[in-house]
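Topology and contacts: notes
Chain by chain, the residues:
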Amino acid sequence: DTGVSQDPRHKITKRGQNVTFRCDPISEHNRLYWYRQTLGQGPEFLTYFQNEAQLEKSRLLSNRFSAERPKGSFSTLEIQRTEQGDSAMYLCASSFGQFNQPQHFGDGTRLSIL
Amino acid sequence: AQSVAQPEDQVNVAEGNPLTVKCTYSVSGNPYLFWYVQYPNRGLQFLLKYITGDNLVKGSYGFEAEFNKSQTSFHLKKPSALVSDSALYFCAVSVSTGTASKLTFGTGTRLQVTL
């Protein structure tokens, strides 16, 4: 399978702990996006990378969230000092070429905060 | 700011009947419009997109969508529904900012197809 891969699929942690998620995009895709989806809602944009450069961050993204994409390949999303409100599905997507090309999504990481 | 509205939380249709899932959008500039489908505990799968050109766009699994600029709508259609089409459907709009092309999604419409 050469689709977008996310790890882990599920993460359960206690409030206040730090968590890190990984996304491996489709290999030739230079654009990488992170979204957050809560129950009953559509995904909300968090941040965007073009190659290794983080070009846009949502105002929703608190300073407890940080994302990296070293070498323009895989990406990590870290949440520090997790809170109950961080419980959600975190989705990664990748694309290439023109901005009007579709984004291809991974199956997400479901985060549950105890 | 761009926004998408999906006015129906759920659409129920009998197998073999045509289906329509509604979407309206608001955006400054020319929109790029997308439909995605989501199955339980999975990510979103791309169905089709409208960029420019013909107002009727054909996509995967027999789905199509009609772009209507005057009504700012992009409704998803299928001539004959299947039980396996039952899933959560999201409409999304994107406008290039020059540095990104983030998607803004609607709240989703659950499609239930019954025998």
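A short tour of the structure in this document, coming up. One numbering rule holds for all chains: residues counted from 1, following each sequence as written. To read the labels, note that chains go from A and ligands from 1, taken in the order they are written. Since the coordinates come from a predicted model, pLDDT governs what is reported: local features require at least 70, and pairs of side-chain atoms require 80 or more to be given and counted, while whole-chain, interface and lining totals use all residues. No hydrogens and no water enter the side-chain calculation; it runs on all heavy atoms of the structure.

Remarks on the state of the cysteines
All names here are of chain A. A pair of cysteine sulfur atoms is labelled a disulfide when the two atoms are within 2.5 Å. In total, this model carries two disulfides over all chains according to the counting rule given. The partner cysteine of Cys-23 in its disulfide is Cys-92, sulfur to sulfur 1.9 Å. Taking the torsion about the sulfur-sulfur bond, which here is approximately -65°, the covalent link between Cys-23 and Cys-92 counts as left-handed. Taken together, the residues Cys-23 in strand β3 (residues 19-24) and Cys-92 in strand β9 (residues 88-95) connect sequence positions 69 residues apart. Helical segments are the DSSP runs of H or I of at least four residues, strand segments are the runs of E of at least two, and each set is numbered from the N terminus.

Quick notes on the environment of Pro-18 of chain B
In this fold, Pro-18 of chain B is placed in the loop between β2 (10-14) and β3 (19-21). Separated by 61 residues in the primary sequence, Pro-18 of chain B and Pro-79 of chain B have C-alpha atoms spaced 4.4 Å apart.

Considering the sheet that holds strand β8 (residues 75-79) of chain A
Strand pairing in a sheet relies on backbone hydrogen bonds, with the paired strands running either antiparallel or parallel. Residues and elements named next belong to chain A. Should DSSP find at least two bridges between two strands, the strands are regarded as paired. Within the open sheet, the four strands sit side by side as β1-β3-β8-β7. Their pairing is antiparallel. Unpaired on one side and paired on the other, β1 (5-7) and β7 (65-68) mark the two borders of the sheet. For this sheet, the mean angle separating the axes of adjacent strands, direction not counted, is 15°. Judged from the three bridges that link them, β1 and β3 form a sheet pairing that is antiparallel. Bridge pairing in β3 links Ser-5 to Asp-24. For helices, the fitted axis covers only the stretch in contact; all axes are lines through C-alpha atoms, and the angles between them, taken along N-to-C directions, range from 0 to 180 degrees.

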